[in-house]
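# Survey of secondary and tertiary structure
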Amino acid sequence: MAGLYIHIPFCESRCIYCGFYSTTSLQKRDAYVDALCKEMELRPLAEALGDNHSIETIYLGGGTPSQLTGAQLQRIFQAIAKSYATDFENMEITMECNPDDVTSSFCNVIRQLPINRISMGAQTFSDERLRFLHRRHQAYEVRQAVENLRSIGIHNISIDLMFGFPNETLKEWEKDIYDALDLGVEHLSAYSLMYEEGTALYRLLEQGKIHEIDEEVSLQMYETLCEMLKKEGYEHYEISNFARPGYRSEHNSNYWKEVPYIGLGAAAHSYKRSSQEIVRSWNIDDIQTYIRTIQTGKLPSEGETLDLKTRYNDLITTALRTCEGIDLNQMVKEFGSSYADRLLKDAKDKIERGLMRLTPNESIPGNIEEKKRLGHLSLTSKGIYISDDIMGDFMIVD
């Protein structure tokens with residue numbers, strides 16, 4: 001299996017926290033869609049993905065994909081079908097949308113496309129905090145968007161939430177969670193507000209105009225989130241992601257499992273696995289240069305062949321994000337015993353402190369110690385909140 005990611009970098013306005021590549025200039029949408037379709041022709045499956053892979057998930061992210069017109073979206077899916085001979089039946093096909101874009105007329109556009117999953121950036125149900133973020137929707141529009149999507153048969157909806165706003169209280173965060181649960185969505189992603197260098201939010205922090213929330217309060221917010229969603233039947237399957245049974249994001253889950261994927265568009269990344277090599281590549285993060293290069297029949301990308309150490313570090317920062325953690329048996333097969341033994345040695349103290357758990361692999365013959373050595377290493381609820389520190393301790397830097 002493999003995934004297809006298509007980056008749509010257009011936004012009507014820019015949020016103060018966003019570190020993704022995007023632009024508020026919409027004039028180049030047609031030319032950009034032309035370039036996307038041409039890039040598909042320049043990236044045949046076998047060459048882009050490696051051995052015997054077919055596309056099984058599609059994800060339109062951004063930016064704001066819902067800034068494209070119906071005709072532009074139609075062209076993209078026609079090109080996918082033509083270049084990759086993809087049968088859209090039974091595939092998970094996700095599109096990110098801004099809540100205020102999901103009008104009745106826009107839903108009529110979606111109805112004509114194979115899209116069956118929508119991911120919306122609600123962020124908060126406080127209009128005051130939405131204005132702070134420079135979000136262009138109002139809180140009531142999230143509910144209206146969900147109702148519009150349900151009316152056309154979309155039964156797989158995800159929303160994003162943020163917590164840890166300056167001066168936000170635990171009670172205010174609980175209300176956001178209650179409002180999200182009241183929508184009855186199948187999937188929810190929640191992130192602590194991050195101050196990424198180069199963003200408008202980071203500049204406000206540097207200027208002393210705002211202050212980060214207390215770390216202990218932020219931890220309480222995360223624990224509250226986990227407890228409330230678990231009580232409502234959501235599965236906490238990745239550090240920031242919660243799903244009703246059967247509604248995990250297949251596309252994003254594949255990233256954490258090292259499944260190959262093609263990334264199309266400016267700033268998009270790709271991951272190729274074959275029996276000969278594993279390659280990570282990325283497109284240039286400039287729309288104009290991206291379009292111009294594609295028009296000449298060349299790919300605007302560069303890449304690197306991953307060595308064993310880089311792959312090990314990637315595994316640490318992806319698999320440990322999931323509830324299953326690292327499959328040590330699979331790790332031995334791909335990396336050899338020395339890497340797995342090193343990881344277990346480094347993890348011993350964290351297991352004893354209750355930050356990690358080692359689950360025996362009952363399918364492995366032998367004694368309990370061997371079952372553990374080839375089992376699953378994962379974070380506990382206590383370890384999840386300091387996951388970055390734990391992962392950092394495992395990284396090979398020499």
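Each remark here, short or long, concerns the structure printed above.
Residues numbered from 1 in each chain as written. Predicted model: local features only at pLDDT ≥ 70, side-chain atom pairs only at ≥ 80, totals over all residues. Heavy atoms only, no water.

### Observations concerning the overall build of the chain
We apply this condition: Elements are defined by DSSP. Helices are runs of H or I of four residues or more, strands are runs of E of two residues or more, and each kind is numbered from the N terminus. Restricting the calculation to C-alpha atoms gives the radius of gyration, and the globule rule supplies 2.2 Å times the number of residues raised to the power 0.38. Burial here depends on accessible area, computed with a 1.4 Å probe over protein chains only, as a share of the maximum for the residue type. Under 20% is buried, over 50% is exposed, and the range in between is partly exposed. In this analysis, two residues are considered to be in contact whenever any of their non-hydrogen atoms come within 4.5 Å of each other. Surface exposure here means Shrake-Rupley accessible area, sampled with a 1.4 Å probe, where a residue is shielded only by the protein chains that are shown. Residues scored as positive are Lys and Arg, those scored as negative are Asp and Glu, and His as well as the terminal groups of each chain are ignored. Lys charges are placed at NZ, Arg charges at CZ, Asp charges at CG and Glu charges at CD.
When you go through the chain residue by residue, the secondary structure sums to 17 helices and 15 strands. Taken over the C-alpha trace, the chain has a radius of gyration of 22 Å; the compact-globule value for 398 residues is 21 Å, and the two agree within 12%. Counting all 398 residues of the chain, 52% fall into the buried class. For the chain, the proportion of contacts with a sequence separation of at least 24, taken over those separated by at least 6, is 71%. Total accessible area on the chain is roughly 18600 Å²; 47% of this is exposed by carbon and sulfur atoms. Taking the average location of the 43 positive side-chain charges in the chain and that of its 61 negative ones, the two points are 2 Å from each other.

### What about the sheet that holds strand S13 (residues 326-327)?
Here is the rule: Between any two strands, pairing holds if DSSP finds at least two bridges. The convention used is that axes are lines fitted to C-alpha atoms, helices contributing only their stretch in contact, and that angles between N-to-C directions extend from 0 to 180 degrees.
Overall, antiparallel pairing links the 3 strands, which are arranged S13-S15-S14 in an open sheet. Two strands close off the open sheet at either side, each with one partner strand: S13 and strand S14 (356-359). Note that S13 and strand S15 (residues 376-379) share 2 bridges and pair antiparallel. Opposite Asp327, over in S15, you have His376 as the bridge partner. In the packing of helix H14 (residues 337-352) onto the sheet, the strands contacted are S13, S14 and S15, and the crossing angle to S14 comes to about 120°.

### Points about a negative patch on the surface
For clarity, the cut-off: Patch membership requires over 30% relative accessible area and the absence of a salt bridge. Like charges are linked within 9 Å, and nonpolar side chains (Val, Leu, Ile, Met, Phe, Trp, Tyr) within 5 Å. By salt bridge we mean one thing: a side-chain nitrogen of Lys or Arg within 4 Å of a carboxyl oxygen of Asp or Glu.
Judged by side-chain charge, Asp214, Glu215, Glu216, Glu223, Glu227, Asp388 and Asp389 come together as a negatively charged surface patch. Elements that contribute at least two residues to the negative patch include exactly helix H9 (215-231) and helix H17 (387-394). By residue number, the principal contributor to the negative patch is H9, which donates 4 residues.

### Structural notes on the side chain of Ser387
Topologically, Ser387 is positioned in helix H17. Among residues more than four places away in sequence, those in contact with Ser387 are Ile239 and Leu379.

### Side note on the layout of surface pockets
We count it as follows: Cavities and pockets are defined on a 1 Å grid built over the protein atoms alone: a cavity is a set of grid points where a 1.4 Å probe fits but cannot escape, while a pocket is an open set with protein on both sides within 12 Å along at least five of seven lines, and lining residues are those with an atom within 4 Å of any such point. Grid points are joined across faces, edges and corners, and a volume is the space filled by probe spheres set on the points. Each residue receives one of three labels: charged for Asp, Glu, Lys and Arg, nonpolar for Ala, Val, Leu, Ile, Met, Phe, Trp, Tyr, Cys and Pro, and polar for the others, Gly being one of them.
Counted as a void, the second largest pocket has a volume near 490 Å³. Lining the second largest pocket we find 26 residues, and of these Cys226, His236, Thr380, Ser381 and Ile384 sit closest to its centre. The set of elements that each furnish at least two residues to the lining of the second largest pocket consists of H9, strand S7 (235-238) and helix H16 (381-384). At 6 residues, the largest contribution of residues to the lining of the second largest pocket is made by H9. Here the residues of the lining of the second largest pocket sort into 14 nonpolar, 4 polar and 8 charged.

### Quick look at H9
Let me state the cut-off plainly: Take the residue count of a helix, subtract one, and multiply by 1.5 Å to get its expected span. Polar contacts here mean pairs of N or O atoms no more than 3.5 Å apart (in protein, one a potential hydrogen donor and the other a potential acceptor; neighbouring residues in sequence count only if both atoms are side-chain atoms).
Over its 17 residues, H9 runs 24 Å from end to end, which matches the ideal 24 Å to within 8%, given 1.5 Å per residue. Those residues of H9 that sit buried are Ser218, Met221, Tyr222, Thr224, Leu225, Cys226, Met228 and Leu229. Tucked into the core, H9 has its buried residues touching strand S5 (157-163), helix H7 (170-183), strand S6 (187-192), S7, strand S8 (241-243) and H16. Between the side-chain oxygen at the start of H9 and the backbone nitrogen of Glu216 there is a gap of 3.0 Å, and the oxygen is on Asp214. Following H9 by one or two positions, Gly233 adopts a phi angle in the positive range, close to 90°.

### Some remarks on the nonpolar core
Side chains of nonpolar character tend, in soluble globular proteins, to be buried together. Counted only if it meets this: The criterion is simple. A nonpolar core is a set of buried Ala, Val, Leu, Ile, Met, Phe, Trp, Tyr and Cys residues joined through side-chain atoms within 4.5 Å.
Ranked by internal contacts, the top residues of the largest apolar core, which has 101 residues, are Ile6, Met120 and Met331. Considering each element in turn, this core owes the most residues, 7 residues, to helix H1 (residues 29-42). The contacts of Ile6, once residues within four sequence positions are left out, are Leu36, Met40, Tyr59, Leu60, Gly61, Ile76, Ile80 and Leu264. With 10 residues, the next largest nonpolar core counts Tyr17, Phe165, Leu193 and Tyr195 among its residues.

### With respect to empty space enclosed by the protein
Counted according to the given criterion, the structure contains 1 cavity of 30 Å³ or more. Size it by volume and the largest cavity reaches roughly 30 Å³. Taken together, Ala2, Gly3, His251, Asn254, Tyr255, Val259, Pro260 and Tyr261 make up the full set of residues lining the largest cavity. Sorting elements by how many residues they give to the lining of the largest cavity places helix H10 (residues 250-256) first, with 3 residues. Its residues placed into classes, the lining of the largest cavity shows 5 nonpolar, 3 polar and no charged.

### Some remarks on unusual backbone geometry
In this model, Gly62 is joined to Gly63 through a cis peptide bond whose omega is 20°. Structurally, the position occupied by Gly63 is in the loop between strand S2 (55-62) and helix H3 (70-84). One non-glycine residue, Gln123, adopts positive backbone phi at about 70°. Locating Gln123 in the fold gives a position in strand S4 (residues 117-123). Overall, the relative accessible area of 6% leaves Gln123 in the buried class. At Glu258, a position not held by glycine, the phi torsion is positive, near 65°.

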